[in-house]
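# Fold and contact review
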Amino acid sequence: MIDLKGKIAIIILCAILGFVIAMQIQAVRQATGGNKFLNQRAQHMVSELRSLRNEKEKLNQELDDIENRLREYEISEADESIIVRNLKKDLSKYHIFTGFVPVQGPGITITLDDKQSEGVSFLMYNYEILLDLVNELNAAGAEAIAINDQRLLSTTGIHYFSNAVMINSIPTTPPFVITAIGNPQALEASVNMRFGIIWNIRQENNLTVITKEEENITLQIYSETIQFKYARPIEN
Amino acid sequence: MRKTASAFIIIITFVVLGYFITFHFRNISEEYSFVSIRNITELQNEINRKKEEIRSINGIIVKKRDQLKQYEVAIKEEGTIKEVLRSKIEIARIHAGFVDIEGTGVIIVLRDSERDLYKNEDPNNLIVHESDILVLLNELKVAGAEALSVNGQRVLFMTGVKCTGPTITINGFTYGQPFIIKAIGNTTALNAAIMSPNASVVILKEVFGLDIKSRISPRVRIAKFSESTSFKHLTVKEGY
Amino acid sequence: MLIALLGLAIGIFLGFYLPITYPIAFSLYISIAILAALDSVFGALKASLEKTFNTAIFVSGFFGNAILAGGLAYIGDRMGIPLYYAAIFAFGNRLFNNFAIIRRHMLNIKSD
């Protein structure tokens, strides 16, 4: 039959094969975090997603409710008193800067994506591209900007942590959708300028960049509360 | 005999096959299709995103409930929400950057490098660029800076920094070097941001020889944002 | 045949209990390499039943196929073409062919 050398070869190689198979199963198990078959796991996740969606729906309704009641207070008194009306307008103006009111207007959306299937995303590693892009938009007259629906405030920092880009300490992943309010043509021109940032990015890597002028964009409220723990107003 | 036996077996096999086919059709549900690892991670990301959205909506609800309570109390005690609004405006002005403020923080001064160029070195290496300032401002924000200014100009979210040759234009004002950056916040965190081996300023100093000095101060003063804030395109959403 | 199963069992056992892992990013390439290696094993089984087993061919095929398949999948990923499909078809096809031949041999032996 088969000589000894052959038998040894078979046993060793099959052992290696079995080893790799087991490692593969382990790796997949780790990536999907569970002992169940992928199908079952997906099912669980789909139903979890569904219940999360319902919860979000309910919370949104509750929020609408509270906002209506707030408006009642404000409108009823604003109707009688010009002072209150003006105070409310002033407050709204400052709330634009603290992110406590949603804002809207014409502008553009920029979608950045890299098709990296495995490995660290180039975009995430080089998130300074986002910084440059935001600065470019600001210089071209952007009046408010959000990335993946995270409103950028004066204290908003962006950094890379644990396989995600943290904006306002919220993890975000590609594709990055940047929404900016301003003059759509001016913004679009500054972004797509030759030898500008986007031009460079498009040339170099696997990145897809899509810009689109919009008639009306809405930027959401920033949900955390700004707190100054170290800065105090100077009494004059 | 053999023939009928094998015919029999063949018939049974086909019956089983037919049964499985119809069984499968009755049981088709999208959720049992082939699931790849990528789908799982995408689903997981979606779940995380939803959880995050729920958390932020809860945050907003808490804030608005608080506001509601303030209104209720004000109406009960004073009959008007004027005072509530006034105090809210005070706080909002400070957070928005329209009030001069002071506090503990750091001051960083950047200058172009004085050293000679290495052979074939790009002269751009020795100059302070707008992206250097952007990265530095970002690092300070990540470290919790509550207010920032560049050469006295308050930096808000719509402030653009433009590199125009040897000068920098910010909020419409042009400045040459030195570029002085002030930040108010927790001094330990801010200092770590500029002193750690990964800090951009450390790299700029060590590798490119830029002249960068920094110091902690118990009393950093930052002026308010003093440009006009009339928005040409932006409006507050209806009803807020 | 039995020693092949024994080897597999040992390997699987070791794989589950030793804490060595590799980044999930490679799992696509590794799984194609596994398929290629499996095909080699089936080829070896067939060869042993036909008394044409050759150690050198088995070993070279085992590693060669695995590396080639993994490499092809990697290059395909880089180029944006799912080249691993080619490997799946080729090795899958051979695997089932070999299995068919193995079956015939085993059944023939039985009916002797």
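This text goes with the structure placed above it.
Residues numbered from 1 in each chain as written. Chains lettered and ligands numbered in written order. Predicted model: local features only at pLDDT ≥ 70, side-chain atom pairs only at ≥ 80, totals over all residues. Heavy atoms only, no water.

For chain C, the count of helices and strands is 4 helices and 0 strands. Going from N to C terminus, chain C has its helices and strands arranged as α-α-α-α. Expressed as a percentage of its 112 residues, the buried residues of chain C come to 36%. Taking contacts inside chain C between residues at least 6 apart in sequence as the whole, the part at least 24 apart equals 77%. Carbon and sulfur atoms make up 73% of the accessible area of chain C, which amounts to about 6800 Å² in all. (Helix = DSSP H or I, 4+ residues; strand = E, 2+ residues; numbered from the N terminus. Buried < 20%, exposed > 50% of the residue type's maximum accessible area, 1.4 Å probe, protein only. Contact = heavy atoms within 4.5 Å. Areas by Shrake-Rupley, 256 points an atom, 1.4 Å probe, with all protein chains shown as cover.)

All names here are of chain A. Relative to strand β5 (residues 164–167), strand β4 (residues 158–161) runs antiparallel, the two being bridged by 4 bridges. Within β5, the position partnered with Phe161 by the bridge is Ala164. Where β4 hands over to β5, the hairpin turn is made up of 2 residues, of which Ser162 adopts a positive phi near 45°. (Pairing = 2+ DSSP bridges.)

Turning our attention to helix α3 (residues 55–79) of chain C. Residues and elements named next belong to chain C. An ideal rise of 1.5 Å per residue puts 36 Å on 25 residues; α3 measures up with 36 Å between its terminal C-alpha atoms. For α3, the complete set of buried residues consists of Thr55, Phe58, Gly61, Phe62, Asn65, Ala66, Ala69, Gly70, Ala73 and Gly76. The N-terminus of α3 is capped by Asn54, whose side-chain oxygen sits 2.8 Å from the backbone nitrogen of Ala56. Of the residues trailing α3, Gly80 is marked for its positive phi of about 85°. (Expected span 1.5 Å × (residues − 1). Polar contact = N/O pair within 3.5 Å; in protein donor to acceptor, adjacent residues only side chain to side chain.)

Before going further, it helps to spend a moment on the interface of chain A and chain B. Counting residues at the interface gives 90 residues for chain A and 83 residues for chain B. Looking only at chain A, the three residues that lose the most surface to chain B are Phe97, Glu143 and Tyr230 of chain A, adding up to 9% of its buried area. On the surface where chain A and chain B come into contact, there are 8 salt bridges. One salt bridge connects Arg53 of chain A with Glu46 of chain B, and the closest N-O pair in it is separated by 3.6 Å. The interface formed by chain A and chain B includes 21 residue pairs in polar contact (both at pLDDT 80 or more). Secondary structure elements with two or more residues in the side of chain A that touches chain B: α1 (4–32), α2 (38–80), α3 (82–98), β1 (103–114), α5 (128–139), β4 and β9 (232–233) of chain A. With 26 residues, α2 of chain A is the single largest residue contributor to the side of chain A that touches chain B. When the residues that make up the side of chain A that touches chain B are grouped by side-chain class, the tally is 43 nonpolar, 25 polar and 22 charged. Judged from the 2 bridges that link them, β1 of chain A and strand β9 (residues 235–236) of chain B form a sheet pairing that is antiparallel. The residue bridging Gln104 of chain A from the neighbouring strand is Thr235 of chain B, located in β9 of chain B. (Buried area = accessible area lost by both parts, 1.4 Å probe. Salt bridge = Lys/Arg side-chain N within 4 Å of Asp/Glu carboxyl O. Nonpolar A, V, L, I, M, F, W, Y, C, P; charged D, E, K, R; others polar.)

Further remarks concern the nonpolar core. Phe97, Val103 and Leu219 of chain A together with Leu85 of chain B are the most contacted members of the largest nonpolar core, which has 46 residues in total. For this core, the secondary structure elements donating two or more residues are α2, α3, β2 (144–147) and β8 (207–219) of chain A together with α2 (37–78) and α3 (82–96) of chain B. Per-element accounting of this core gives the leading share, 10 residues, to α2 of chain B. Structurally, this core is a two-domain feature, drawing no fewer than three residues from each of domain 2 (37–95) and domain 3 (101–222) of chain B. Among residues more than four places away in sequence, those in contact with Val103 of chain A are Ile96, Ala144, Arg151, Ile181, Ile217, Thr218 and Leu219 of chain A together with Leu234, Thr235, Val236 and Lys237 of chain B. (Core = buried A, V, L, I, M, F, W, Y, C linked by side-chain atoms within 4.5 Å. Domains from an automatic or database assignment.)

A few words now on the packing of aromatic side chains. Enumeration over the complete set of coordinates arrives at 12 aromatic pairs over all chains. Within the aromatic cluster, the residues linked to one another by ring pairs are Tyr94 and Phe97 of chain A together with Phe98, Phe157, Phe225 and Phe231 of chain B. Of note, Lys93 of chain A hangs over the ring of Tyr94 of chain A, and the distance from its end group to the ring centre comes to 5.3 Å. Its guanidinium or amino end placed over the ring of Phe100 of chain A, Lys64 of chain B lies 5.1 Å from that ring's centre, counting from NZ or CZ. (Phe/Tyr/Trp six-rings, centres within 6.5 Å; stacked < 30°, edge-to-face > 60°. Lys NZ or Arg CZ within 6 Å of the ring centre and 35° of its normal.)

All names here are of chain B. For strand β1 (residues 101–111), the buried fraction is high: 9 of the 11 residues fall into the buried class. Pairing between β1 and strand β8 (residues 211–222): 10 bridges, direction antiparallel. Following the sheet pairing, Ile107 is matched in β8 by Arg215. Here 6 bridges tie β1 to strand β7 (residues 179–184), and the two strands are oriented antiparallel to one another. Bridge pairing in β7 links Gly105 to Ile184.

Moving on to the packing of helix α4 (residues 130–142) of chain B against helix α6 (residues 200–208) of chain B. All names here are of chain B. Viewed as axis vectors pointing N to C, α4 and α6 meet at an angle of 140°, and their least axial separation amounts to 9 Å. Between α4 and α6, the angle falls in the class oblique. Seen from α4, the contacting residues are Asp132, Val135, Leu136 and Glu139; seen from α6, they are Ser200, Val201 and Leu204. Taken together, the residues of the contact of α4 with α6 sort by class into 4 nonpolar, 1 polar and 2 charged. (Axes fitted to C-alpha atoms, helices over the stretch in contact; angles between N-to-C directions. Parallel < 35°, antiparallel > 145°, perpendicular 65-115°, else oblique.)

Once that is clear, we can look at the sheet that holds strand β5 (residues 167–170) of chain B. Residues and elements named next belong to chain B. Spatially, β4-β5-β6 is the arrangement adopted by the 3 strands of the open sheet, whose pairing is antiparallel. Of all the strands in the sheet, just β4 (161–164) and β6 (173–175) have a single pairing partner and so form its edges. Each strand of the sheet is rotated relative to its neighbour by a mean of 25°, with strand direction disregarded. Where β4 lies against β5, 4 bridges are found, and the strand directions are antiparallel.

Below, the discussion takes up the side chain of Ser113 of chain B. Residues and elements named next belong to chain B. Among the structural elements, Ser113 can be located in the loop between β1 and α4. For Ser113, the side chain forms a polar contact with the main-chain oxygen of Gly209, separated by 2.9 Å. If we ignore the near neighbours within four places in the chain, the residues touching Ser113 are Leu126, Phe208, Gly209, Leu210 and Asp211.

The next thing to look at is the environment of Phe63 of chain C. Mapped onto the secondary structure, Phe63 of chain C falls in helix α3. Ignoring sequence-local partners within four residues, the contact set of Phe63 of chain C consists of Leu13 and Ile16 of chain A.

Where α5 of chain A contacts α4 of chain B, the two axes come as close as 10 Å, and the packing angle between them is 110°. When the axis of α5 of chain A is compared with that of α4 of chain B, the two are roughly perpendicular. Packed against α5 of chain A, whose contacting residues are Glu128, Leu131, Asp132 and Asn135 of chain A, the element α4 of chain B presents Glu130, Ser131, Leu134, Val135 and Asn138 of chain B at the interface. In terms of residue class, the contact of α5 of chain A with α4 of chain B is made up of 3 nonpolar, 3 polar and 3 charged.

With that out of the way, let us pick up the environment of Leu136 of chain B. Residue and element names in this part refer to chain B. The topology assignment puts Leu136 in helix α4. Leu136 sits 45 residues away from Ile181 along the chain, and the two C-alpha atoms are 9.0 Å apart. Setting aside its immediate chain neighbours within four residues, Leu136 contacts Ile108, Leu110, Ile181, Ile194, Ser200 and Val201.

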